[in-house]
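# A closer look at the structure
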Amino acid sequence: MQPETSGDLREELRDDAQKLSTTAAERVHSEVDARKSPVVEQARSVSSALDSAARELSGGQTPGWLNSLFEQGAQQIRQLANTLEQKDSRQLMDDVRSIARNNPGTFLAACAAAGFAASRVLRAGPETGSGSVQPGAQPGGSPPAPAYGDPQTAGIGGAP
């Protein structure tokens, strides 16, 4: 290969990679913007439920701090919903970057908490099998393996 051809090829590959990156980023932003509305509605629903719980707790023997906690939670979720509704995905990403730069420890803790919550939600999802699995039974219908020292298996294999 001649040096001029090699340089042209590198430049062309760099341009193609840049175009691909820009196209992918545009697609991600458009998808986020398109799916933002259901998230806003869900946040408003949670906020309304917390407001309702706070109203129910205010009349009883519930401590005031708990009622206040529900009211503050509802207010914060309402603010989140309004922010999500008013900003596009680029502005939201800039906000997230700013928070991560200014408060890295808090940001990492929030990411860990969100990951934990997501794993719990995904684990609690519906079963994919066509029937329920009995406790202790393995998927596929095979019986559970005998435990070591199980009285039912004593005497098997020459053990007393």
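Calculation rules
- Residues numbered from 1 in each chain as written.
- Predicted model: local features only at pLDDT ≥ 70, side-chain atom pairs only at ≥ 80, totals over all residues.
- Heavy atoms only, no water.
- Helix = DSSP H or I, 4+ residues; strand = E, 2+ residues; numbered from the N terminus.
- Buried < 20%, exposed > 50% of the residue type's maximum accessible area, 1.4 Å probe, protein only.
- Contact = heavy atoms within 4.5 Å.
- Areas by Shrake-Rupley, 256 points an atom, 1.4 Å probe, with all protein chains shown as cover.
- Core = buried A, V, L, I, M, F, W, Y, C linked by side-chain atoms within 4.5 Å.
- pLDDT = per-residue confidence, 0-100.
- Salt bridge = Lys/Arg side-chain N within 4 Å of Asp/Glu carboxyl O.
- Patch = residues over 30% accessible without salt bridge, like charges linked within 9 Å, V, L, I, M, F, W, Y side chains within 5 Å.
- Lys, Arg positive; Asp, Glu negative; His and termini not counted.
- Charge placed at Lys NZ, Arg CZ, Asp CG, Glu CD.
- 1 Å grid on protein atoms, 1.4 Å probe; cavity = no way out; pocket = protein on both sides within 12 Å on 5 of 7 lines; lining within 4 Å.
- Points joined across faces, edges and corners; volume = space filled by probe spheres on them.
- Nonpolar A, V, L, I, M, F, W, Y, C, P; charged D, E, K, R; others polar.

### Side note on the overall build of the protein chain
A tally of helices and strands in the protein chain yields 4 helices and 0 strands. By the burial criterion, 8% of the 160 residues in the protein chain qualify as buried. Contacts spanning at least 24 positions in sequence make up 52% of the contacts within the protein chain whose residues lie at least 6 apart. Of the accessible surface of the protein chain, which amounts to about 12,900 Å², a share of 57% is contributed by carbon and sulfur atoms.

### What about the environment of Ser89?
Examined against the element boundaries, Ser89 turns out to sit in helix α3 (residues 89–102). For the pair Ser89 and Val28, spaced 61 residues apart in the sequence, the C-alpha separation amounts to 8.9 Å. Discounting chain neighbours no more than four positions away, the residues touching Ser89 are His29, Val32 and Asp33.

### Here we look at the environment of Asp33
Along the chain, Asp33 turns up in helix α1 (residues 3–58). Judged by relative accessible area, which is 31%, Asp33 ranks as partly exposed. Apart from residues lying up to four places away in sequence, Asp33 is in contact with Asp88 and Ser89.

### Topic: the nonpolar core
Counting residues in hydrophobic clusters, the biggest one holds 5 residues: Val40, Ala43, Ala81, Leu84 and Leu92. If we ignore the near neighbours within four places in the chain, the residues touching Ala43 are Ile77 and Ala81.

### Some words on the confidence of the model for the protein chain
In the predicted model, the protein chain carries a mean pLDDT of 79, and 75% of its residues have values of at least 70. Ranking the helices and strands of the protein chain by mean pLDDT puts α3 first, with 91, and α1 last, with 87.

### Examining the environment of Ala43
Mapped onto the fold, Ala43 is located in helix α1. According to the relative accessible area criterion, Ala43 is buried, its value standing at 12%. A C-alpha to C-alpha distance of 7.7 Å links Ala43 and Leu80, two positions 37 residues apart in sequence.

### Here we look at the pattern of salt bridges
Per the counting criterion, the structure on display carries 7 salt bridges. Ionic pairing is found between Lys87 and Asp95, a salt bridge with its closest N-O pair at 2.5 Å. The class of Asp95 is partly exposed, set by a relative accessible area of 30%.

### Remarks on a negative patch on the surface
Taken together, Asp8, Glu12, Asp15 and Asp16 make up a surface patch of like negative charges. Inspection of the secondary structure assignment puts Asp8 in helix α1. For Asp8, a relative accessible area of 53% puts it in the exposed group.

### Concerning the layout of surface pockets
Considering only enclosed or pocket space, the largest pocket measures out at about 180 Å³ in volume. Lining the largest pocket, in full, are Val96, Ile99, Thr106, Phe107, Ala110, Cys111 and Ala114. Of all the elements in the fold, those that place two or more residues in the lining of the largest pocket are α3 and α4 (104–123). With 5 residues, α4 is the largest single contributor of residues to the lining of the largest pocket. Along the lines of polarity and charge, the residues of the lining of the largest pocket split into 6 nonpolar, 1 polar and no charged. Looking at the lining of the second largest pocket, the elements that each hand over two or more residues are α2 (64–86) and α3.

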